[in-house]
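Letter by letter, the chains look like this.
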Amino acid sequence: MATKGNPGDNRSRSPLSSLFIVAGLCCFFYLLGVWQKSGFGKGDSIALEITKKAEDCGILPNLEYETHHGNQSSSFDDPNQEIKEIEPCAEQYVDYTPCHDQMRAMTFPRENMNYRERHCPPEEEKLHCLIPAPKGYVTPFPWPKSRDYVPFANAPYKSLTIEKAVQNWVQYEGNVFRFPGGGTQFPNGADAYIDQLASVIPIDNGTVRTALDTGCGVASWGAYLFKKNVLTMSFAPRDSHESQVQFALERGVPAVIGVLGTIKLPYPSRAFDMAHCSRCLIPWGANDGQYMMEVDRVLRPGGYWVLSGPPINWRNNYQAWQRPKEELEEEQRKIEEIAELLCWEKKHEKGEIAIWRKRVNNEYCRERDSRVTLCESSNAENVWYKKMEACVTPYPQTTNSDEVAGGELKPFPQRLNTVPPRIASGFVPGLSVESFQEDNKLWKKHVNSYKRVNKIVDSGRYRNILDMNAGLGSFAAALESPKLWVMNVVPNIAEQDTLGVIYERGLIGIYHDWCEAFSTYPRTYDLIHGNGVFSLYKDKCNAEDILLEMDRILRPEGAVILRDHVDVLTQVKRIASGMRWNIKMVDHEDGPLIPEKVLFAVKKYWVVGDNKSTVSE
């Protein structure tokens with residue numbers, strides 16, 4: 001066996017040693033293969049079968065788990081490192097959402113939905129335990145079956161089946177929930193509703209790729225837009241309906257817990273091709289129109305805003321809605337007035353659906369500028385915990401009336417690998433066309449390496465994928481497939497703000513601070529990827545807290561891939577070894593002399609009441 005820490009002595013490896021390494025890798029990744037084929041998760045019982053089928057498994061034989069960089073003296077698998085066992089949390093925390101905790105929320109003002117916004121626990125109130133899965137938890141159905149069926153055990157809440165029974169949102173059938181694709185505003189199904197929109201909005205040709213659904217319910221609109229190759233960011237508050245966002249993510253649809261309240265949405269300016277509200281109960285005319293102004297900020301020039309339900313067509317519906325017609329008339333008047341101030345063009349109103357289009361540049365809007373307060377253009381991307389303002393975000397400058405402000409985008413999928421306008425124009429300091437192309441090339445190489453190690457990365461087994469430090473979104477671009485979607489997170493402390501670039505590529509993402517909990521329910525991601533996350537947050541917050549949050553939002557038998565410096569990952573592995581994860585670390589694909597290494601992990605299956613030791617064996 002090679003001497004640790006001295007690459008010069010790594011001349012050969014005995015056949016028996018190599019055989020052990022290959023067999024170990026076969027065992028580890030056979031677990032992933034069995035899990036992928038098993039339909040529902042079978043939990044730790046899978047391990048009983050591993051040793052029976054470890055032969056001839058095609059894992060690369062040259063992957064090594066020892067440190068061979070320079071004179072590094074520690075080992076990835078140092079048996080002398082102290083491992084701290086992290087215990088399970090109590091059963092009451094099975095659906096714990098730290099920054100959207102109901103009890104904490106009720107201590108904040110209800111005005112402007114402040115209490116439904118993010119309110120994270122102080123350090124002394126943080127849980128330092130593993131969130132358990134509910135008894136009976138099973139692996140979700142693969143897409144597209146998951147769009148229509150969710151195992152009852154994974155989100156055992158029937159309130160929506162009662163409260164929305166007549167609206168065809170969700171039905172309880174035996175041991176599953178069924179989602180018929182209905183909604184309050186689309187009684188004939190989401191497909192028929194989307195076809196109505198497509199008669200006005202170019203949804204079918206790739207022009208519209210990214211969409212925002214405010215007050216999304218169980219996100220059926222976004223779920224059915226996948227047929228059109230449209231990727232929707234859906235959000236809804238954590239409210240009395242219990243688990244709208246949880247249902248969406250169990251279905252395999254992008255969603256986060258969120259609300260239009262007092263702080264800006266965690267998205268960049270000019271991000272979405274389309275925004276949508278279907279009876280979302282947002283008071284669009286209130287607070288001097290600041291909610292519509294926030295939609296305008298995140299809507300791309302030339303993008304569309306859809307409003308269906310009250311107060312549209314109030315004359316014919318006020319009795320059915322059981323609201324005074326004078327109130328509804330005033331509500332629509334305010335919306336029309338604000339839309340005019342925003343310089344949106346009304347393209348359509350029929351039945352209960354109204355559609356506006358944002359102008360492509362400011363040439364059409366010179367007259368309005370004297371009647372509105374313009375925001376400081378430098379603040380358009382600075383949104384993390386920033387107060388929402390009643391001001392209009394200026395367009396980027398253009399030279400003629402036909403030019404699209406901020407740059408015209410190609411239809412999807414061409415825009416995925418085309419140089420984004422924000423890079424071509426120099427909008428993001430430090431990024432060039434060459435650096436973008438090089439990044440794209442590099443991540444194709446990295447992802448191909450991941451696929452050689454974990455052969456089910458793009459098999460469809462991992463539907464909901466989270467990239468914790470997404471950079472230019474090239475990891476997601478390399479994985480692009482109708483089988484999966486990636487939530488691209490740009491940390492608020494990242495050196496470069498690249499989230500706008502990610503949206504220009506036709507991908508979705510969100511700003512976040514990993515010193516805090518993510519705005520999602522437990523067990524909502526199948527695969528979590530992180531490049532340099534722990535180096536980025538070194539000395540800013542506790543690595544154990546970040547790992548516990550990763551564990552909270554990762555499904556049982558979900559996978560983790562982390563890239564970082566060997567020293568950093570060695571410490572990460574030490575903590576994670578006490579978290580019921582099976583872990584392996586491998587060398588960089590360019591060889592053992594590269595100080596960057598890759599950690600692969602699989603979260604073990606366990607549920608409430610499984611209190612055995614957490615230390616990986």
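Quick notes on the rules
Residues numbered from 1 in each chain as written. Predicted model: local features only at pLDDT ≥ 70, side-chain atom pairs only at ≥ 80, totals over all residues. Heavy atoms only, no water. Helix = DSSP H or I, 4+ residues; strand = E, 2+ residues; numbered from the N terminus. Contact = heavy atoms within 4.5 Å. Polar contact = N/O pair within 3.5 Å; in protein donor to acceptor, adjacent residues only side chain to side chain. Disulfide = S-S within 2.5 Å. Buried < 20%, exposed > 50% of the residue type's maximum accessible area, 1.4 Å probe, protein only. Pairing = 2+ DSSP bridges. Axes fitted to C-alpha atoms, helices over the stretch in contact; angles between N-to-C directions. Right-handed = clockwise from strand over helix to strand, strands pointing away. Phe/Tyr/Trp six-rings, centres within 6.5 Å; stacked < 30°, edge-to-face > 60°. Lys NZ or Arg CZ within 6 Å of the ring centre and 35° of its normal.

Details of the environment of E589
Next, step 1: Looking at the element boundaries, E589 is found in the loop between β16 (581-587) and β17 (596-603).
Next, step 2: In the structure, E589 is positioned 141 residues away from N448 in sequence and 9.8 Å away in space, judged by C-alpha atoms.
Next, step 3: Apart from the residues lying within four places of it in its own chain, the contact partners of E589 are K445, H446, S449 and R563.
Next, step 4: Among the polar contacts made by the side chain of E589, one reaches the side chain of R563 at a distance of 3.2 Å.

Considering the state of the cysteines
Next, step 1: Counted according to the given criterion, the structure contains 6 disulfides.
Next, step 2: Disulfide pairing places C375 opposite C391 at an S-S distance of 2.0 Å. One disulfide, between C375 and C391, carries an S-S torsion of 105° and so falls in the right-handed class. Taken as a pair, C375 in the loop between β10 (353-358) and α12 (414-417) and C391 in the loop between β10 and α12 lie far apart in primary sequence, 16 residues in all. Of the two residues examined, C375 and C391, each falls in the buried class.

Describing the sheet that holds strand β6 (residues 255-257)
Next, step 1: Reading across from one edge, β6-β5-β4-β7-β8-β10-β9 is the order of the 7 strands in this open sheet, with mixed pairing throughout. Two strands bound the open sheet, and with one partner strand each, they are β6 and β9 (344-350). Strand-to-strand twist in this sheet, taken as the mean axis angle between neighbours without regard to direction, amounts to 20°.
Next, step 2: Pairing geometry for strand β7 (residues 272-278) and strand β8 (residues 299-308), over 6 bridges, is parallel. Within β8, the position partnered with C277 by the bridge is L307.
Next, step 3: Sheet strands in contact with helix α9 (residues 290-298) are β4 (210-214), β7, β8, β9 and β10, and its direction is about 140° off that of β8.
Next, step 4: The strands touched by helix α11 (residues 325-341) within the sheet are β8, β9 and β10, with β9 carrying the most contacts at an inclination of about 145°.

A short note on the pairing of strand β11 (residues 464-467)
Next, step 1: Of the two faces of β11, the one holding N464 and L466 and the one holding I465 and D467 are both buried throughout.
Next, step 2: Relative to strand β12 (residues 485-491), β11 runs parallel, the two sharing 4 bridges. Its bridge partner lying in β12, D467 is registered against N488.
Next, step 3: Read from β11 through helix α15 (residues 474-479) to β12, the crossover connection turns out right-handed.

A look at the packing of aromatic side chains
For any pair of aromatic rings, geometry is given as the distance between the ring centres together with the angle between the planes.
Next, step 1: What the rule picks out here adds up to 20 aromatic pairs.
Next, step 2: Ring geometry for W143 and F226: centres 5.2 Å apart, planes at 65°, overall edge-to-face. Here W143, found in the loop between α3 (102-105) and α4 (145-148), pairs with F226, found in the loop between α7 (220-225) and β5 (231-236); they are 83 residues apart in sequence, far enough to count as distant.
Next, step 3: Look at F177 and F247: their rings are 5.0 Å apart centre to centre, the planes differ by 80°, and that puts the pair in the edge-to-face class. Here F247 lies in helix α8 (residues 244-250) and F177 lies in strand β3 (residues 176-178), a separation of 70 residues in the sequence.
Next, step 4: Judged by relative accessible area, which is 0%, F177 ranks as buried.
Next, step 5: Taken together, F152, Y172, F177, F179 and F247 form an aromatic cluster joined through their ring pairs.
Next, step 6: Stacked on the ring of F412, the Lys or Arg R209 has its end atom at 3.6 Å from the ring centre.
Next, step 7: The ring centre of W606 lies 4.2 Å from the NZ or CZ of R580, which sits over that ring.

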